[in-house]
Amino acid sequence: MNAPWQRTAQGANLLGADGSLGVTIFEEITALAQQTGAINLGQGFPDEDGPASIKEAARAAIAAGENQYAPGKGTLELRTAIAAHQERFYGLLPDPETDIIVTTGATEAIAATLLALTGPGDEVLTFEPFYDSYGAVIGLSGAVHTTVPLLAPDFQPDLATLEAAFSERTRVVLVNNPHNPTGAVFPREVLSKIVALAAKFDAVIVTDEVYEHLTFGARHIPVATLPGAAERTLTISSAGKTFSFTGWKVGWLSGPAQLVSAVRTVKQFLSYSSGTPFQNAIAGGLGLGDDFYRGIATDLAHKRDVLSNGLQTAGLKVLPSQGTYFVVADTAALGITDAIALARRLPSLVGVAAIPVPVFCHAEGAERTKSLLRFAYCKRLPVLEEAAARLSTLQERL
């Protein structure tokens, strides 16, 4: 049997057939971007900070001596702010004392949840393509990772295929919505089907909603708001994407007390707590006005359009992005069938870096998505305009 680190690497597509360990595609592409001076539209982090008021609150907290361990489940101020946010936007009423924990980013919340709830003999169901940490932690837990394909161009699941993917061993269905890497936002019909199937097979629904405020036209519907969902749903989000402070690693999880306490049992032996001065700064941020939340989505939609226009000029087929930081483009329009090979050439070819979608898939899914590239548009407008100009030369350089 593979060691835990090997299962983790295999789950994240990092283990070679000979057992050798590779680096993540993010490391590889970032290194190529640095070597060539390319604009890095691979990794999904902003290149400018969020609201000054939140930064000032963090500075003030540090100066005031809020620099020791926070409570294991997070500061009461932040847990209270999370509860108020869930009520304000979604009508949910989690109890800050029992139904919410603060985590070291959404990544820790996902890891603690899967390690708490799944193990050998269990299945964890995700959509495919899937965020790479899902496969890694499912592998670490010893569970089996099953997937349902999201098909281009709209990246919505076939409901019959979704139903067929559930089994008596399905312990957790992990739903990333809005979805990375495709930019899809799932409608009520899809989410209601997930709830019905989870109830039928007595599975826990875990929702990764870090892009909840970054949707364009399509409305984000938290699974926990649907009939019959709340008692079996753990909702995860974070400050990183909403407020553009990805390096602060402040995330959270909410849901029914018995599930939250199970996750907290594992989480307390991972990081215990983190980011004390940042937690209360984010609490203030969650209370910002509707104009802030509308503004971040409007600005990002404009950035998506600038980059998408550049990709179209480059001769690529741009697929719809209804949310997140990402847009997917199909290189098959240029006669290219190997997006991984192109991603490795792109930094030196035109000075722009992107991530190939096949790396977010198992073997069958990688074949299905072999011509797709993911580009991040969470950058400053001048950067995106320059990237679009560089991409416009792609056809003549191939």
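See the structure above.
Rules and cut-offs
- Residues numbered from 1 in each chain as written.
- Predicted model: local features only at pLDDT ≥ 70, side-chain atom pairs only at ≥ 80, totals over all residues.
- Heavy atoms only, no water.
- Phe/Tyr/Trp six-rings, centres within 6.5 Å; stacked < 30°, edge-to-face > 60°.
- Helix = DSSP H or I, 4+ residues; strand = E, 2+ residues; numbered from the N terminus.
- Buried < 20%, exposed > 50% of the residue type's maximum accessible area, 1.4 Å probe, protein only.
- Lys NZ or Arg CZ within 6 Å of the ring centre and 35° of its normal.
- Pairing = 2+ DSSP bridges.
- Axes fitted to C-alpha atoms, helices over the stretch in contact; angles between N-to-C directions.
- Contact = heavy atoms within 4.5 Å.
- Core = buried A, V, L, I, M, F, W, Y, C linked by side-chain atoms within 4.5 Å.
- Salt bridge = Lys/Arg side-chain N within 4 Å of Asp/Glu carboxyl O.

Visitor: Describe the packing of aromatic side chains, listing the residues and the values that go with them.
Guide: Summed over all chains, the structure comprises 15 aromatic pairs. Between Phe26 and Phe360 the ring centres are 6.0 Å apart and the planes differ by 65°, which places this aromatic pair in the edge-to-face class. You can see Phe26 sitting in helix α2 (residues 25-36) and its partner Phe360 sitting in the loop between β12 (355-356) and α14 (363-368), a full 334 residues away along the chain. A residue is classified by how much of its surface remains accessible, and Phe26, at 13% relative accessible area, is buried. The class for Phe360 is buried, based on a relative accessible area of 1%. Within the aromatic cluster, the residues linked to one another by ring pairs are Phe89, Tyr90, Phe243, Phe292 and Tyr293. Its guanidinium or amino end placed over the ring of Phe326, Arg374 lies 3.7 Å from that ring's centre, counting from NZ or CZ. Sitting above the plane of the Phe45 ring, Lys379 keeps its charged end 4.0 Å from the centroid.

Visitor: Before we move on, could you go through the sheet that holds strand β3 (residues 123-128) and cite the residues and values that matter?
Guide: With mixed pairing, seven strands are arranged side by side in an open sheet as β2-β8-β7-β6-β5-β3-β4. Strand pairing shows two members of the sheet lacking a second neighbour, β2 (100-104) and β4 (144-149), which therefore form its edges. For this sheet, the mean inter-axis angle between neighbouring strands, taken without regard to orientation, is 25°. As defined by bridge partners, β3 adjoins strand β5 (residues 170-176) across four bridges and the pair is classed as parallel. From the neighbouring strand, Glu123 faces β5, where its bridge partner is Thr170.

Visitor: An account of the side chain of Thr235 is requested, with residue identities and associated values reported.
Guide: With respect to the helices and strands, Thr235 occurs in strand β7 (residues 233-238). When residues no more than four places from it in sequence are discounted, the contact partners of Thr235 are Gln86, Thr207, Glu209, Ala224, Trp252, Leu253 and Ser254.

Visitor: Can you break down the nonpolar core residue by residue, with the values?
Guide: The biggest cluster of nonpolar side chains holds 91 residues, and the ones touching the most others in it are Phe243, Ile282, Leu286, Leu307, Leu311 and Phe375. Here this core gets eight residues from one element, more than from any other, and that element is helix α12 (residues 290-313). Aside from chain neighbours lying at most four places away, what touches Leu286 is Leu78, Ala81, Ile82, His85, Arg88, Phe243, Trp252 and Tyr293. Counting 29 residues, the second largest nonpolar core, distinct from the first, contains Ala165, Phe201, Leu226 and Val357.

Visitor: Could you give an account of the pairing of β2, with specific residues and numbers?
Guide: Counting buried residues along β2, four of its five residues qualify, which places the element largely inside the surrounding structure. Where β2 meets strand β8 (residues 250-254), five bridges bridge the pair, whose relative direction is antiparallel. Across the sheet, residue Thr104 finds its bridge partner in β8, namely Val250.

Visitor: Describe the pattern of salt bridges, naming the residues involved and giving the relevant values.
Guide: This structure, assessed with the given rule, holds 17 salt bridges. Across the salt bridge formed by Arg344 and Glu28, the nearest N and O atoms sit 2.6 Å from each other. Placement of Arg344 in helix α13 (residues 339-350) and of Glu28 in helix α2 is noted, with a sequence separation of 316 residues between them. By relative accessible area, Arg344 is classed as partly exposed at 42%. What makes Glu28 partly exposed here is its relative accessible area of 24%. Put simply, Arg59 and Glu56 hold a salt bridge, and the shortest N to O gap is 3.3 Å. Here Arg59 pairs with Glu56, and both are found in helix α3 (residues 52-63), just three residues apart, close to one helical turn. Looking at Arg59, the relative accessible area reads 48%, which means it is partly exposed. Taking relative accessible area as the criterion, Glu56 reaches 43% and is therefore assigned partly exposed. Taken together, the salt bridges that share partners define one network made up of Lys73, Arg79 and Glu97.

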